[in-house]
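Structural overview
So the chains spell out like this:
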Amino acid sequence: MWESETESVADRDYGNGVLSSSKHGVKTDGFELRGHDWYVATDIPSDLVIQVGDVNFHLHKYPLLSRSGKMNRVIYESRDPDLSKIVLDDLPDGPEAFELAAKFCYGIAVDLTAANISGLRCAAEYLEMTEDLEEGNLIFKTEAFLSYVVLSSWRDSIVVLKSCEKLSPWAENLQIVRRCSESIAWKACANPKGIRWAYTGKQHKVSSPKWNDTKDSSPSRSQQQVPPDWWFEDASILRIDHFVRVITAIKVKGMRFELIGAVIMHYATKWLPGLINEGSVGVADEGSNSSNSNTSGSSSAAAAAWKGGLHMILAGTKDDLPTVQAKDQRMIIESLISIIPPQKDSVSCSFLLRLLRMANMLKVAPALVTELEKRVGMQFEQATLADLLIPNYNKGETMYDVDLVQRLLEHFLVQEQTESSSPSSQSFSDKHMYDGSQRSGGSGPNAKMRVARLVDSYLTEVSRDRNLSLTKFQVLAEALPDSARTCDDGLYRAIDSYLKAHPTLSEHERKRLCRVMDCQKLSIDACMHAAQNERLPLRVVVQVLFSEQVKISNAMANNSLKEAGESHYQPMVTNRKSLLEGTPQSFQEGWTGAKKDINTLKFELETVKAKYLELQNEMENLQRQFDKMSKQKQTSAWSSGWKKLSKLTKMTNLENHDIGPQIPTAADQQNRKTPRRWRVSLS
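Residues numbered from 1 in each chain as written. Predicted model: local features only at pLDDT ≥ 70, side-chain atom pairs only at ≥ 80, totals over all residues. Heavy atoms only, no water.

Looking only at helices and strands, one finds 29 helices and seven strands in the chain. Residue pairs in contact within the chain that sit at least 24 positions apart in sequence constitute 71% of those at least 6 positions apart. (Helix = DSSP H or I, 4+ residues; strand = E, 2+ residues; numbered from the N terminus. Contact = heavy atoms within 4.5 Å.)

What follows is the structure in structure tokens.
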């Protein structure tokens, strides 16, 4: 256990950390241990046996009754003056604390340390050793040692808070946990330049001595630079509930949220070592990777001596975790989620995603999982593909949790919309537009573009899963707006990968899949690949070829405009020729094949149009013949003749009106004779 610091109790009136009672009725040379029983080294025979757990204390009634109200009440309520045995199974801190309390009752000197003070203080409260029975009783002296010695020391506060883990609820009710947490919080928020006490952790200077090798007043100690994360290692040995109390108190004191987030990640590294990779957590300042350094022997011993708290568990698969360990890890994750600062970038997105992975695996409370998903959405542009590949721990068909990524993307879009519509965020962005200290994960079009590339890479990876439905793929691909993608090469790669893994898709499903892609946003290399891709529908290939032709035409036009600006005497053919000469041979060959395909498709289309026109003419002829036959049956020859004559007269008048005075031709004369024939035949 840690030694006492320079602010030792030698200068205080507490007997140099040694308690003794000035009054004692039985002269003794101390206690003797015989097997599992304690005996008082005196000639007076014992008249009372106190059983605490498996240990028996053979004592005397008078020293105990004179200082313990609990003993007085038990003997009085028993109504048995010859009572010789009392069982105290619920005594805080067990036989160790009662041994010290019994020695105090007998006037034997008791050494008070940070390791035993909390247990002795709770035992004194349990035994009711108050000032009403004797002045300077055990409660008063332990309380004074706590207030004036322990709480003024950084290391003693840590040790006492650590020892309170097995003293619930006594330590909570006596405010020991609260006072130690407040003391630790005040010292953690102190200016590092003014720190003179010892701490555990990685030092900035390798050659500097450790805290337990020198005194605080040494010149080398005062000259050494103290990093801002000096308190991380000491705070990380606490149990999760006490760690939460310390962090809550530190938040009230106003510490920077970056440091709070860094200590949370450091704690997760220590207690959930399978959560994140080594070296991925730290503070922006130098020496922030203290989580990866070897802890000193004192802190290791303190952590190893802790038997009543949680244990370090490697995070493996869901089946590898026993029920008890999974419950402990679930409690750690839920507590860490609840104390993460609300500010963006307080912790890394990679840490949040790995925490989310374990939260889903261990079935953390849904409300906390939703809160964690919203936190990931706030900085989703900082995520990596490896962090997004979260297995589907639910009973789902897909290998990866695609629905989770869909929710994260929705939270990101909501956050982006909220920030863009907020006047305060706009004024803040305008104020810091030219500030060089802007974070790389800022919001805006760049963030959406990064997310679009990330989603395309994720779709390419998960598309190999044969159980991934077309609907899920399409919904995730269309979640981002069109402006987020300036180039659809990544999306085309994902579509091609999905078509490879799902060869049984129908033509309609393939067309539906390809609708998520804009052929005009494909690069020339992607167009060349798509033009020769047999898995794509024919309509998509035609669109790709047309888009490629438009791009080449635009490139040729731009190039011709540039060359025309340089020299007005070069013809357009020369520009086109020079452009083709600068084009790679593979592209020229691909373009030649594409032109052949386009010409073939055009010829087939013209053939279909010609056949359609022929069928339409035949249909019209048949319709006219049918109408002619039906009219002959319904009308007489006289009436039909007059109708034909009226139609012919109208047609002749229209032709004369349109043609005007022109030279009559033989055909016109023949046409004019026709009505005369009709008139003769009718007369």
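Turning our attention to the sheet that holds strand β5 (residues 55–59). Judged by pairing direction, the sheet is mixed, and its five strands sit side by side in the order β2-β3-β5-β4-β6 without closing on themselves. Each end of this open sheet is capped by a strand with a single partner; those strands are β2 (31–34) and β6 (85–87). Across the sheet, the mean angle separating the axes of adjacent strands is 20° when strand polarity is ignored. Judged from the three bridges that link them, strand β3 (residues 37–40) and β5 form a sheet pairing that is parallel. (Pairing = 2+ DSSP bridges. Axes fitted to C-alpha atoms, helices over the stretch in contact; angles between N-to-C directions.)

As a further point, take unusual backbone geometry. The amide bond that connects S168 to the next residue, P169, takes the cis arrangement and shows omega of 0°. Checked against the element boundaries, P169 lands in the loop between α6 (154–163) and α7 (170–173). Within the chain, D93 stands out as a residue other than glycine whose phi angle is a positive 70°. Relative to the helices and strands, D93 is located in the loop between β6 and α3 (94–105). Located in the positive-phi region is E128, a residue other than glycine, with phi close to 60°.

Here the focus is the pairing of β3. Across four bridges, β2 lies against β3 in antiparallel orientation. Bridging from a neighbouring strand, L33 pairs with W38 of β3. The hairpin turn running from β2 into β3, its antiparallel successor, is two residues long, and G35 in that turn takes a positive phi close to 70°.

Let's shift gears to the side chain of R375. With respect to the helices, strands and loops of the structure, R375 is situated in helix α16 (residues 366–378). Despite its burial, R375 pairs with no opposite charge, the nearest such side chain being E371 at 5.7 Å. With near-sequence residues (within four places) excluded, R375 lies in contact with I340, P341, P342, Q343, S346 and L352. (Buried < 20%, exposed > 50% of the residue type's maximum accessible area, 1.4 Å probe, protein only. Lys, Arg positive; Asp, Glu negative; His and termini not counted. Salt bridge = Lys/Arg side-chain N within 4 Å of Asp/Glu carboxyl O.)

Turning our attention to the packing of helix α4 (residues 117–127) against helix α5 (residues 138–150). As a packed pair, α4 and α5 sit with axes 9 Å apart at the nearest point and diverge in direction by 150°. Our classification of the angle between α4 and α5 gives roughly antiparallel. For the crossing formed where α4 meets α5, the hand is left-handed. Each of I117, L120, R121, A124 and E125 in α4 lies in contact with α5, whose residues at this interface are L138, I139, T142, E143, F145, L146 and V150. Per-class residue counts for the contact of α4 with α5 are eight nonpolar, one polar and three charged. (Parallel < 35°, antiparallel > 145°, perpendicular 65-115°, else oblique. Left-handed = near helix turned anticlockwise from the far one by under 90°. Nonpolar A, V, L, I, M, F, W, Y, C, P; charged D, E, K, R; others polar.)

Let us look at helix α15 (residues 349–361). Along its 13 residues, α15 runs 18 Å from first to last C-alpha, staying within 8% of the 18 Å computed at 1.5 Å per residue. Among the 13 residues of α15, eleven are classified as buried, and the element is accordingly described as predominantly covered. Those residues of α15 not exposed but buried are C349, F351, L352, L353, R354, L355, L356, M358, A359, N360 and M361. With its phi angle positive at about 60°, K363 sits one or two positions after the end of α15. (Expected span 1.5 Å × (residues − 1).)

Where α16 meets helix α18 (residues 402–421), the axes come as close as 8 Å, and the angle between the chain directions of the two elements is 60°. Judged by the inter-axis angle, α16 sits oblique to α18. As for how α16 packs across α18, the hand of that crossing is right-handed. Only L404, R407, L408, H411, F412 and Q415 of α18 make contact with α16, whose side of the interface consists of E373, K374, V376, G377 and M378. For the contact of α16 with α18, a count of residues per class yields five nonpolar, three polar and three charged.

Before going further, it helps to examine the packing of aromatic side chains. If you walk through the whole model with that rule in mind, you get ten aromatic pairs. Between F380 and F412 the ring centres are 6.2 Å apart and the planes differ by 50°, which places this aromatic pair in the tilted class. Residue F380 is located in the loop between α16 and α17 (385–388), and its partner F412 is located in helix α18; the two are separated by 32 residues in the primary sequence. Overall, the relative accessible area of 0% leaves F412 in the buried class. The rings of F31, W38 and Y106 are connected pair by pair, giving a single aromatic cluster. Between R34 and the ring centre of Y39, over which it is positioned, the NZ or CZ distance is 4.4 Å. (Phe/Tyr/Trp six-rings, centres within 6.5 Å; stacked < 30°, edge-to-face > 60°. Lys NZ or Arg CZ within 6 Å of the ring centre and 35° of its normal.)

Turning our attention to the pattern of salt bridges. Within the structure shown, the criterion is met by 23 salt bridges. Here R73 and E128 are joined by a salt bridge, their closest N and O atoms 2.7 Å apart. Residue R73 is located in helix α2 (residues 69–78), and its partner E128 is located in the loop between α4 and α5; the two are separated by 55 residues in the primary sequence. With relative accessibility at 32%, the residue R73 sits in the partly exposed group. A relative accessible area of 27% places E128 in the partly exposed class. One salt bridge connects R464 with E461, and the closest N-O pair in it is separated by 3.2 Å. Where salt bridges share partners, they join R121, E125, E143 and R179 into one cluster.

Glancing now at the nonpolar core. One broad rule of soluble globular proteins: the nonpolar side chains tend to lie buried together. Residues I50, F98 and W231 are the most contacted members of the largest nonpolar core, which totals 157 residues. Once you skip the residues sitting within four places of it in the chain, I50 turns out to touch V55, N56, F57, L59, L64, M71, I86, L88 and F98. (Core = buried A, V, L, I, M, F, W, Y, C linked by side-chain atoms within 4.5 Å.)

The next thing to look at is the pairing of β5. Most of β5 is tucked away: five of the five residues are buried. Side chains V55, F57 and L59 of β5 all project onto a buried face; the interleaved residues N56 and H58 project onto the opposite face, where all are buried too. Where strand β4 (residues 48–52) and β5 come together, five bridges link them in antiparallel fashion. Among the inter-strand pairings, V52 is bridged to a residue of β5, identified as V55.

Purely spatial values, then, with no claim about function.
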